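Inside the fold
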Amino acid sequence: TPSNPTTDSAQKRTWSLVQPSATSLRTSNPIRNIIQSIDTSDVNPEKSLIPLSIGDPTVFGNLKVDESMNDALIENIQSQKFNGYQNSCGMESSRKAIARKFCGKDFSWENVFVCSGCSGALDIAMAALLSVGENILIPKPGFSLYQTLANSKGLEVKYYNLLPEKQWEADLEQMESLIDEKTRAILVNNPSNPCGSVYTKQHLKDIVKLAEKYCLPIIADEIYGEITFGDSTFFPMHEISETVPILSVGGLAKQYLVPGWRVGWIILHDRQDIFKKVDMTGAIFRLTTLIVGANSLVQSVIPHILEKTPLQFYTNLNKTLAENANYCYERISKIPGLRPIKPQGAMYVMVKVKVNGNIADDVQFTQKLLKEQSVFVLPGKCFGADNFFRIVFCPPKETLEIALDRMEEFCTATNILLNLNRRSETGPMGFVRMLMLH
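Reading the values: the criteria
Residues numbered from 1 in each chain as written. Predicted model: local features only at pLDDT ≥ 70, side-chain atom pairs only at ≥ 80, totals over all residues. Heavy atoms only, no water. 1 Å grid on protein atoms, 1.4 Å probe; cavity = no way out; pocket = protein on both sides within 12 Å on 5 of 7 lines; lining within 4 Å. Points joined across faces, edges and corners; volume = space filled by probe spheres on them. Nonpolar A, V, L, I, M, F, W, Y, C, P; charged D, E, K, R; others polar. Salt bridge = Lys/Arg side-chain N within 4 Å of Asp/Glu carboxyl O. Helix = DSSP H or I, 4+ residues; strand = E, 2+ residues; numbered from the N terminus. Buried < 20%, exposed > 50% of the residue type's maximum accessible area, 1.4 Å probe, protein only. Expected span 1.5 Å × (residues − 1). Contact = heavy atoms within 4.5 Å. Core = buried A, V, L, I, M, F, W, Y, C linked by side-chain atoms within 4.5 Å.

What follows covers empty space enclosed by the protein. Counted by the stated rule, this structure contains four cavities of 30 Å³ or more. In this structure, the largest cavity spans a volume of roughly 80 Å³. The class makeup of the residues in the lining of the largest cavity is seven nonpolar, four polar and one charged. For the second largest cavity, the calculated volume is near 50 Å³. Along the walls of the second largest cavity sit Pro51, Ile54, Asp56, Pro57, Val59, Phe60, Val392, Cys394 and Pro395, which together make up its complete lining. When grouped by side-chain class, the residues that make up the lining of the second largest cavity number eight nonpolar, no polar and one charged.

The structure is reproduced here in C-alpha cells:
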C-alpha cells in the first residue's frame, strides 16, 4: 500500500512541537528581572509602604486631571457616537488637533498617527525603521522599555552613555563610536526618564549634526515635553533638524495625568522628503493595522484636551512638580552617602549612592531601604546606571518629607555602622573624626 505523506507526517508529530515563540523568548523587561531579585514583601511592618518607584503620576491621588477632560469624555460616552472602530491611523479630528498643537496650522495632519499609548508609538516607530539584525542607539541610563521593544523584534541595542557630571548630556564621541553599517536610528529621550534632564538647544543641535553625518533618522521620545522646571526650556527635536528626518512620539499619559487612557502618537517630520521617497507613511500605516487603532473614546476627546484644557492646569502641575523636585534635591543633598543630580524636568531624580562595606551596590541599597524603612525606590541597574537609584517625586509634599526622613535615618545609621566596623582599624580618635565628618 502506497504511503500517505499527510498520514506519515501526522504520525511523526508530537506535542513537544508546541513551544513559546522566538519573539516571546526574546521579550524581557530588565526592570522585572532586577525587581525579582528584591523581596518587595520584606518591609518594616511598623511603617506604611511609600512607593517612590512607579512612574505613574496618579498613584497617590494628589495630581488630578482637569475636570473639563472628564466632562468631555462623559459627554462623548453618552452621545453613543464613538463606540465603533476608527481609522487605524486615528480619527481625522484627533490627528488634526495633534498637528495644530505640536506643529502649527500648516503641518499636514496625514503625518500624524494615533497609537495605543506612547509605548505603542515607540513600538511602531522602531518596527517602521528597523529590520531583524539591525541596530539602534539608545541612551544609558534609559527607559527599560526601549530594550524590551528592540529585543522583541530581533534588533541589536547599542547604548550611548549619558554623563551625570554634564547634567546627563550624551557622550557624543562614544555615541559615534557605536555606529556601524547596521545602525539604522538613534533614539533620544528629552526630557529624560529616568534622569530628569532637559537638553539645551546646542546639545540637540550636536546630536542632529551627528545623525546627519551618518544619515540616521531620530526617534524623539518627547512624552515629558512640556514638563520642565526653572530655567530649563524644552526644544522639540523637529524644530532643531533641517535635514534629519524625525519620528516624534508623545501622548496624553504624563502631561495630562492619564497613563491608563492609553493614547499616544507618532508625528513624522520630513523636511527633505527622505521618508517620503521610501513611503514611510505607508509603512507606519500598515503597522497601525495590527491592532486596528487606539481607543476610540479617548481619541474623540483629544481635540478638547489639547485645545481647551485651561492654562492654569499646566501651570499648577509644573509648579507642584518643580517644588517637589527642588525639595527632593535640596533634602537629599544633605543626606550622608547620597548625591542627587538636580532634575530639570519630567518626574524623576537620579541619586548616586556611595557604596561601602555595608552597601554593596544600588540593588542592595534598595532592598535594605525597603526592609528597614518601607520606602521603595528603583535601583539604577534597572536603567543601566550602577550605584544610582531613581525617585519619583509625584507624591504629596508631606509624603516625600516622611520618605526622605526615613531615608536619612537609614543612611545615617548605615554610615555609623560602617564606622563602627572600621573602629578597630582606625583607633578611638580616628573613629571620632569619622563621626564628625558625617
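Okay, the pattern of salt bridges next. One pass over the full model with this rule turns up 13 salt bridges. Between Lys47 and Glu409 there is a salt bridge whose closest N-O contact spans 3.9 Å. With Lys47 in the loop between helix H3 (30-35) and strand S1 (50-51) and Glu409 in helix H17 (residues 397-437), the pair connects residues that are 362 residues apart, well separated along the chain. With relative accessibility at 24%, the residue Lys47 sits in the partly exposed group. When salt bridges that share partners are traced, they join Arg331, Asp405 and Glu408 into one network.

Quick look at helix H6 (residues 117-129) now. Its 13 residues give H6 an end-to-end C-alpha distance of 19 Å, which sits within 8% of 18 Å, the value for a rise of 1.5 Å per residue. Every buried residue of H6 is accounted for by Gly117, Cys118, Gly120, Ala121, Leu122, Ile124, Ala125, Met126, Ala128 and Leu129.

As for its position among the elements, Gly55 is in the loop between S1 and helix H4 (67-79). For the pair Gly55 and Phe82, spaced 27 residues apart in sequence, the C-alpha separation works out to 30 Å. Those residues within four positions of Gly55 in sequence are excluded, and the remaining contacts are Lys254, Tyr348, Arg390 and Val392.

Further remarks concern the nonpolar core. Nonpolar side chains in soluble globular proteins tend to end up buried together. Judged by nonpolar contacts, the single largest core of 94 residues is most densely connected at Leu252, Ile266, Leu338, Ile391 and Met407. Among the elements that line this core, the one with the most residues is helix H15 (residues 311-333), at nine residues. For Leu252, the residues in contact, after removing those within four places along its chain, are Leu257, Val258, Val263, Trp265, Val298, Ile302, Ile305 and Leu306.

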